[in-house]
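Letter by letter, the chains look like this.
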Amino acid sequence: NTLAVGIHDLSFATTHYALDHAVLAERLGVDRDKFYLGIGQEKMSVAAADEDIVTIAAAAAAPILERHGTDNIRTVLLATETGVDQSKAAALYLHSLIGLPNAARVVELKQACYGGTAGLQFAAGLIARDPAQRVLVIAADIAKYELDTPGEPTQGAAAVAMLVTADPAILALDPHSGLYSADIMDFWRPNYRSEAIVDGKTSVNAYQKAAQEAWSDYRRQGGRDLAEFAAFCYHQPFTKMAYKAHRHLLESQGHTADSAAIEAAIGATTHYNRTVGNSYTASLYLGLAALLDHADDLTDRALALISYGSGSVAEFFSGTVVPGYRDHLRTEANRAAIASRELIGYEHYRALHEAGSPSDGAYHAMPEQTRRPFRLAAVSGHKRIYEAR
Ligand code: CAA
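Residues numbered from 1 in each chain as written. Predicted model: local features only at pLDDT ≥ 70, side-chain atom pairs only at ≥ 80, totals over all residues. Heavy atoms only, no water.

## Some details on a positive patch on the surface
Moving on, step 1. Where like charges cluster on the molecular surface, the positive patch consists of Lys34, Lys201, Lys240 and Lys244.
Moving on, step 2. Position of Lys240 among the secondary structure elements: in helix α7 (residues 239–252).
Moving on, step 3. The exposure class of Lys240 is partly exposed, given its relative accessible area of 31%. (Patch = residues over 30% accessible without salt bridge, like charges linked within 9 Å, V, L, I, M, F, W, Y side chains within 5 Å. Areas by Shrake-Rupley, 256 points an atom, 1.4 Å probe, with all protein chains shown as cover. Salt bridge = Lys/Arg side-chain N within 4 Å of Asp/Glu carboxyl O. Lys, Arg positive; Asp, Glu negative; His and termini not counted. Charge placed at Lys NZ, Arg CZ, Asp CG, Glu CD. Helix = DSSP H or I, 4+ residues; strand = E, 2+ residues; numbered from the N terminus. Buried < 20%, exposed > 50% of the residue type's maximum accessible area, 1.4 Å probe, protein only.)

Written as structure tokens, this is what we have:
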């Protein structure tokens, strides 16, 4: 008997502000349908001046601790590619914000958008060694590209927190995983820049190839057949990317890829990403949350999860939805997190985008903007000072 390990609880949070792509389209002088239909994005979450990955990570994780307590959470893995410090792990701030246990190892993980999946797989390994242990995995990112570039409409922000345990209540992971990594410069962010650099077309092609290679490896490892999956959750830098990658995968396997079948396999996974935008490490798991919240009953059905992080690493893995999973979802809270965002105009968005982080060591109070549970109150003496609202 193999030990069932997987996702026991899943919660996400996003920022206080959002920008409608119609506003951006008007500013850039393009048809809004290029964004609404062409890349499949309608809105994107925008971080307030007093928000960062720590505040959204805390907001995602707090409901999990409220429901399950902290007993036996002996490891906290936070994946991000928009970290706030080169040394200190961002999740350490969560001790004072939401009360993580001191008897825990706390580590930050990075490999572009793949980091959340690394966290999930490392967690599964720890639990296989000690099934009484529970691991809190958090993926949190604020996607930021330069203004007036093709990447700009694919920004966004969100954090996902997952409690990974033995005998999980939502998704039991299969033992098989398909892997693919290669040294590619499709998207990266040197230490001295706050915005990512991207070769858009190269990145789209690299994603498709990596997903296909990871699938081939998954099959070599003895994974399931394509026909077994009820749905496919892809990393979604923009929702259209999931459709492109799935079509590419089907065609590479000699399957006919008709649009209705692709919609049935992907559609439900895109509800949240379409309005949140790219959340890098969190994106795939926002896709999973959207699927679980919107699809018909998935009990005992197999799901495919396809993770891609530029640079690049891809993983094709899978799991089975656990009977009774619906009692553990957070559908209402997820929808409210999105619906309660404040829509802003272009000038406000631009000012937020252009504001840099204080770096002179003096005391800087951050303007009170967010209405979310946690905020960055000040930066002082090169220290970030957070507070619960
Ligand atoms: N109505 C409907 N559709 C329209 C339209 C209109 N009026 N105008 C254009 N379109 C369609 C185009 O036909 C195109 O569709 P197809 O791709 O299906 O042909 C789509 O809208 C986009 O148009 P363009 O290709 O002209 O868009 P672009 O060149 O301005 O930028 C992009 C697209 C390259 C994805 C750009 O947004 C970008 O660089 N984004 C950042 C990089 C990225 O997200 N890469 C994804 C893979 S890497 C990854 O996954 C890691 C990560 O998170 C970054």
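## Comments concerning the site of the ligand
Moving on, step 1. The full set close to the ligand counts 24 residues, and Lys34, Lys201, Ser203, His235 and Lys244 are the nearest of them.
Moving on, step 2. A distance of 3.3 Å is found between a nitrogen atom of the ligand and a side-chain nitrogen or oxygen belonging to Thr154.
Moving on, step 3. When residues in the shell around the ligand are grouped by element, the largest group, 5 residues, is from helix α6 (residues 200–220).
Moving on, step 4. In terms of residue class, the shell around the ligand is made up of 11 nonpolar, 8 polar and 5 charged. (Near = heavy atom within 4 Å. Polar contact = N/O pair within 3.5 Å; in protein donor to acceptor, adjacent residues only side chain to side chain. Nonpolar A, V, L, I, M, F, W, Y, C, P; charged D, E, K, R; others polar.)

## Quick word on the side chain of Ser11
Moving on, step 1. Tracing the backbone shows Ser11 in strand β1 (residues 5–13).
Moving on, step 2. By relative accessible area, which is 3% here, Ser11 ends up buried.
Moving on, step 3. Among the polar contacts listed, one links the side chain of Ser11 to the backbone oxygen of Ala60, at a separation of 2.6 Å.
Moving on, step 4. When near neighbours in sequence (up to four residues on either side) are disregarded, Ser11 contacts Ala60, Pro63, Ile64, Ala159, Val160, Ala161 and Arg330. (Contact = heavy atoms within 4.5 Å.)

## Describing the UniProt feature "active site" (unreviewed entry) in the protein chain
Moving on, step 1. Taking the UniProt record as the reference, the feature "active site" (unreviewed entry) is found at Glu81, Cys113 and His235.
Moving on, step 2. Of note, Cys113 is situated in the loop between β5 (105–109) and α5 (115–129).
Moving on, step 3. One can find His235 in the loop between β11 (229–234) and α7.
Moving on, step 4. Residue His235 is classed as buried on the basis of its relative accessible area of 3%.
Moving on, step 5. With residues near it in sequence (within four places) discarded, His235 still touches Cys113, Tyr207, Asn278, Tyr280, Ser283, Leu284, Ile306 and Tyr308.
Moving on, step 6. Only 3.4 Å separates the side chain of His235 from the side chain of Ser283, close enough to count as a polar contact. (UniProt positions renumbered as here; feature names shortened; annotations may be inferred.)

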